[in-house]
Amino acid sequence: MPMTTSDEATLKYDHLKQSSVIIGMSGGVDSSVASLLLKQQGFTVVGLSLVTHDRGMEAAADARAVCRRLGQELIVVDMRDSFQESIVHDFVDAWLAGLTPNPCVLCNPTVKFKTLIDTADRFGFRHIATGHYASVRRHPDSSRLALAKTDSGQKDQTYFLYRLQQEQLARIIFPLDGMSKPEVRRLAAEYGLEGEQGTALAEKPDSQDICFIPDQDYLGLLREEIVRRGLDDARKHLEPGPIVDVHGQIIGTHKGLLAYTIGQRKGFDVKTTERLFVIARHFSTNTLVVGPFEHVLKQTIQVKSVVYSGIGNFDEAQPVTARVRSSAQPAACRVFNNRDKSLTVRFDQPVASPAPGQSCVFYDRGLILAGGIITESAD
């Protein structure tokens, strides 16, 4: 099918036509269609695929096939060693420390978007792009740049991007802004976008959760890393141990503390029909504590390592909404500044399972104000 501008390709960046852009390409349908739209809008487009794990070469091959179809170049950067030393190591260390880390929120600004910008600078390109469902707007009160949730009906992806800095946001284009997944798949089919083996990208499944964990086998990755790094003290956390209720009574056996996170409801067998959730992990005694839903509800959390986006700082007791997980609904809260630049967040109503290591992201009128890492919570 000839490369002509379709009705679906809204020229949202018409004033930037004829400029050049580096786009991150994963070999999936979203980044491939994003690249197609940029070409239709008059950009000179160069793809960039980052190989961060062994399966990444397959994805890069699919991206290369798309670039051949679109008549553009692809740069492939093998980052497996550096990615292992930074993101994977940090993920494992945090998990072994009893946290529930989200490596994507750290990888985006320090690896993916940094490499995109470094590559763009090397070639003299001003703009970078990705296939995320998000947009960048200026906050009406501060004029600072902020990620904005889109109305495309997709699972919101701004949560994972909240740590992007102002200078990064200033260079990003999100071609899929306002589009729905069915629209994206329809465009991929219309233009015959295929992977290296001829598989239609319109039918390619979405990637799931964390890219470097095959089949989402978290425990398998942790076991591999513990053995590879010789972390003998951590081996005991892979061993079965007692499950106790809130009264300290043994009601079952877990399969290793590293298999669980706060708020988890599945993956353990207990001698009761009560609906129970993980409320604590005692690593010193290899004990998993479970209890009713009300025990995972928390009203106050502490947040550190704050990155400000739409605003430069919070007013004392400023009312906003916040999400404590990517899948959580925004909840009304007030934010209090601490002397060490951390934040105390008090929700109007208790929220479920705000696990240390996860991120709390603050929104106002659909724009990200700031976000940081949860360190602790209280009833």
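A brief look at the structure comes next. (Residues numbered from 1 in each chain as written. Predicted model: local features only at pLDDT ≥ 70, side-chain atom pairs only at ≥ 80, totals over all residues. Heavy atoms only, no water.)

1. What to know about the overall build of the protein
Then step 1. Of regular secondary structure, the protein possesses 7 helices and 18 strands.
Then step 2. A compact globule built from 379 residues would reach a C-alpha radius of gyration of about 21 Å, and the protein, at 22 Å, matches this within 12%.
Then step 3. A principal-axis box enclosing the C-alpha atoms of the protein has dimensions of 70 × 50 × 35 Å.
Then step 4. A total of 379 residues make up the protein; the buried ones form 54% of that total.
Then step 5. Taking the contacts inside the protein whose residues are at least 6 apart along the sequence as the reference set, 65% of them involve residues at least 24 apart. (Helix = DSSP H or I, 4+ residues; strand = E, 2+ residues; numbered from the N terminus. Rg over C-alpha atoms; globule rule 2.2 N^0.38 Å. Buried < 20%, exposed > 50% of the residue type's maximum accessible area, 1.4 Å probe, protein only. Contact = heavy atoms within 4.5 Å.)

2. Concerning the environment of Gln299
Then step 1. Residue placement: Gln299 occurs in strand S13 (residues 297-308).
Then step 2. Taking relative accessible area as the criterion, Gln299 reaches 29% and is therefore assigned partly exposed.
Then step 3. Separated by 70 residues in the primary sequence, Gln299 and Leu369 place their C-alpha atoms 20 Å from one another.
Then step 4. Once residues lying within four places of it in the same chain are set aside, the contact partners of Gln299 are Val345, Arg346, Phe347, Asp348, Gln349, Pro350, Ala378 and Asp379.
Then step 5. Polar side-chain contacts of Gln299 include one of 3.2 Å to the backbone oxygen of Asp348. (Polar contact = N/O pair within 3.5 Å; in protein donor to acceptor, adjacent residues only side chain to side chain.)

3. Quick look at the side chain of Thr115
Then step 1. Its location among the elements puts Thr115 in helix H4 (residues 103-123).
Then step 2. A residue is classified by how much of its surface remains accessible, and Thr115, at 12% relative accessible area, is buried.
Then step 3. A polar contact is formed between the side chain of Thr115 and the backbone oxygen of Val111, at a distance of 2.6 Å.
Then step 4. Non-local contacts of Thr115, meaning those with residues more than four positions away in its chain, are made with Leu48, Leu50 and Met79.

4. Regarding H4
The periodicity of an α-helix, 3.6 residues per turn, causes residues three or four positions apart to be oriented the same way.
Then step 1. In this model H4 runs 29 Å from its N-terminal to its C-terminal C-alpha over 21 residues, within 8% of the 30 Å that 1.5 Å per residue would give.
Then step 2. At Lys114, H4 shows its strongest bend, of approximately 40°.
Then step 3. Of all the positions in H4, only Pro103, Val105, Cys107, Asn108, Pro109, Val111, Phe113, Thr115, Leu116, Ile117, Thr119 and Ala120 are classed as buried.
Then step 4. One or two positions beyond H4, positive phi appears at Gly124, with a value near 75°. (Expected span 1.5 Å × (residues − 1). Bend = angle between axes of the 7 residues up to and from the residue.)

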